[in-house]
Amino acid sequence: MKVLHIDTNHSILLTQLAATGFKNEEDYTSTKAEIEAKIAIYDGIIIRSRFAIDKTFLDKAKNLKFIGRVGAGLENIDIEYAQKLGIKLYNAPEGNRNAVGEHALGMLLSLFNKLNQGDQSVRDGQWLREEHRGIELDGKTVGIIGYGNMGKAFARKLRGFNVEVICYDILDDVEDSNAMQVGLEELFEKTDVLSLHTPETPKTIGMINATFINTFKKPFWFINTARGKSVITSDLVDAIKEGKILGAGLDVLEYEKSSFENLFSSKKEVPEALQELLKMDSIILSPHVAGWTIESKEKLAQTIVDKIKADFC
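These remarks concern the structure in this document. (Residues numbered from 1 in each chain as written. Predicted model: local features only at pLDDT ≥ 70, side-chain atom pairs only at ≥ 80, totals over all residues. Heavy atoms only, no water.)

Examining the overall build of the protein chain
Convention followed: Note on conventions: DSSP H or I runs of at least 4 residues are helices, E runs of at least 2 residues are strands, and numbering of each starts at the N terminus. With the radius of gyration taken over C-alpha atoms, the globule rule is written as 2.2 Å times the number of residues to the power 0.38. Contact criterion: two residues are considered in contact whenever any of their non-hydrogen atoms come within 4.5 Å of each other. The Shrake-Rupley method, run with a 1.4 Å probe sphere, supplies the accessible areas, and residue values consider only the shown protein chains as cover. By the counting rule applied here, Lys and Arg register as positive and Asp and Glu as negative, while His and the ends of each chain are not counted. Positions of charges follow a simple convention, taking NZ of Lys, CZ of Arg, CG of Asp or CD of Glu.
What the protein chain contains, in helices and strands, is 12 helices and 12 strands. Relative to the compact-globule value of 20 Å for 313 residues, the protein chain shows a C-alpha radius of gyration of 21 Å, a close match. C-alpha atoms of the protein chain, sized along the principal axes, occupy 65 × 45 × 35 Å. Pairs at least 24 residues apart make up 61% of the contacts formed inside the protein chain by residues separated by at least 6 positions. Split by element, the accessible area of the protein chain, about 15,600 Å² in all, is 51% carbon and sulfur. Between the averaged position of the 39 positive side-chain charges in the protein chain and that of its 46 negative side-chain charges there is a distance of 4 Å.

Digging into the packing of aromatic side chains
The cut-off we apply is this: When the centres of two rings from Phe, Tyr and Trp lie within 6.5 Å, Trp using its six-membered ring, the rings pair. Their planes under 30 degrees apart give stacked, over 60 give edge-to-face, and anything left gives tilted. Only protein chains enter the accessibility calculation, which uses a 1.4 Å probe; a residue whose area is less than 20% of its type maximum is buried, one above 50% is exposed, and one in between is partly exposed.
For the structure shown, the criterion picks out nine aromatic pairs. Taking the centre distance of 5.3 Å and the plane angle of 45° together, the rings of F66 and F312 count as tilted. Here the residue F66 occupies a position in strand β4 (residues 66–69), and F312 occupies one in helix α12 (residues 294–312), the gap between them amounting to 246 residues. For F66, a relative accessible area of 0% translates into the label buried. A relative accessible area of 26% means that F312 is categorised as partly exposed.

Some points on the pattern of salt bridges
Cut-off, in case you're wondering: Only one rule defines a salt bridge in this text: a Lys or Arg side-chain nitrogen within 4 Å of an Asp or Glu carboxyl oxygen.
Per the counting criterion, the structure on display carries 16 salt bridges. With its nearest N and O atoms 3.6 Å apart, the salt bridge here joins K60 to E36. Here E36 lies in helix α2 (residues 32–38) and K60 lies in helix α3 (residues 55–60), a separation of 24 residues in the sequence. Given the relative accessible area of 11%, E36 is considered buried. Across the pair R133 and E130 runs a salt bridge whose closest N-O atoms are separated by 2.7 Å. Judged by relative accessible area, R133 falls into the exposed class, the value being 54%. By sharing partners, the salt bridges in this structure join E164, E186 and K190 into a single network.

As for unusual backbone geometry
In the Ramachandran plot, K114 falls in the positive-phi region, its phi being about 50° despite a non-glycine side chain. Within the secondary structure layout, K114 lies in the loop between α5 (93–112) and α6 (115–123).

Looking at the nonpolar core
Stated formally: Throughout, nonpolar core names a set of buried Ala, Val, Leu, Ile, Met, Phe, Trp, Tyr and Cys residues whose side chains join them through atoms within 4.5 Å.
Within the largest apolar cluster, 31 residues are counted, with the highest numbers of intra-cluster contacts made by L194, I208, F222, L236, I245, L250 and L277. Broken down by secondary-structure element, the contributors of at least two residues to this core are α8 (184–190), β9 (193–196), α9 (210–214), β10 (220–224), α10 (233–241), β11 (245–250) and α11 (272–278). If you tally residues by element for this core, the top one is α10, at four residues. L194 has contacts with G143, I145, L187, F212, F216, F220, W221, F222 and I223, leaving out every residue within four places of it along the chain.

Remarks on the sheet that holds strand β12 (residues 283–285)
Selection rule: For two strands to pair, DSSP has to find at least two bridges joining them. With axes taken as lines fitted to C-alpha atoms, and helix axes fitted only over the stretch in contact, angles between N-to-C directions fall between 0 and 180 degrees.
Read from one edge of the open sheet, seven strands run β8-β7-β6-β9-β10-β11-β12, paired in parallel fashion. Single-partner strands in this sheet number two, and they are β8 (180–181) and β12. In the sheet, β9 pairs with β10 via four bridges, with the strands oriented parallel. By the bridge assignment for β10, S195 is matched with I223. Against the sheet, helix α7 (residues 149–157) makes contact with β6 (141–145), β7 (164–168) and β9, and its axis sits at roughly 165° relative to β6, the strand it touches most. Here α10 sits on the sheet and contacts β10, β11 and β12; the angle it forms with β11, its principal contact strand, is near 140°.

Quick look at the environment of I213
You can see I213 is positioned in helix α9. For the pair I213 and L109, spaced 104 residues apart in sequence, the C-alpha separation works out to 22 Å. Sequence-distant contacts of I213, defined by excluding residues within four places in its chain, comprise I208, F220, D235, L236, A239, K244 and I245.

Quick notes on the pairing of strand β3 (residues 44–47)
In plain terms, the rule: When the strands point away from the viewer, a crossover counts as right-handed if the route from the first strand across the helix to the second turns clockwise.
The two faces of β3 match: G44 and I46 on one face and I45 and I47 on the other face are all buried. Here strand β1 (residues 2–5) pairs with β3 via three bridges, running parallel. Of the residues in β3, the one forming a bridge with H5 is I46. Taken together, the four bridges between β3 and β4 define a ladder with parallel strand orientation. Each bridged residue has a counterpart across the sheet, and for I46 the counterpart in β4 is G68. In this view, the connection linking β3 to its parallel neighbour β4 by way of α3 has right-handed handedness.

Written as structure tokens, this is what we have:
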């Protein structure tokens, strides 16, 4: 079976597939149109987020048996159409869930202790101790929306902090010893910290908006290591100004390119809401790297290899 790799990943993807009998070919530079022109000769394709695998692409992939996406989500693939064609889809949320859990916790602790502000003030020659007095996580209620691989990993990291962890999910019976599943009404009433761990779907795009935020009974802290398009940035900015959101740790942004490789090609493209967000001291930002660790790079690749081998070897 011939497998085309169109994004660079950990080398074990190539070596282990080759050792199993697959023939690997790599093409990290051709355009989507050029890939489409030759995709019919391949049995499998390995991607990250270089471009969307849409209906047009799939119609030309006459012999495609599987798509391996080295990441947590499948939003850049037309899932329904691929499944209709009998193409197996593999992703690897198991591979970077621990990294995401650690990153979310790191953002939360940094926000509570004003580490980004304190670091900058010392670099500026100031020693403002009272201004950078933090708050403690102890005794707070952490609400998690989306209790799959990522949400569960974050909840595990919270063990030992003496917090109440509650979770909301569209699926029933997802709770475990680390979090109690609740309805939205209880989530809105009790949450001090809200952490988002949902995939990008039509239901989650724009989910965190003014109406949603205003339903919470008290001001809260917000962490998003999931997908940027789940949050309406202008509504988030307004909520921070109004004190409804006390601060936010954002690893993802509404305006990200679908390739996740860049944000904007020029400063002229930056929307007004994001310009305001960038000036706020109560915000911590990172460039979509919550699941992007040395260890997760290998684990993501290994997970995809294992799933392919389970079906085709």
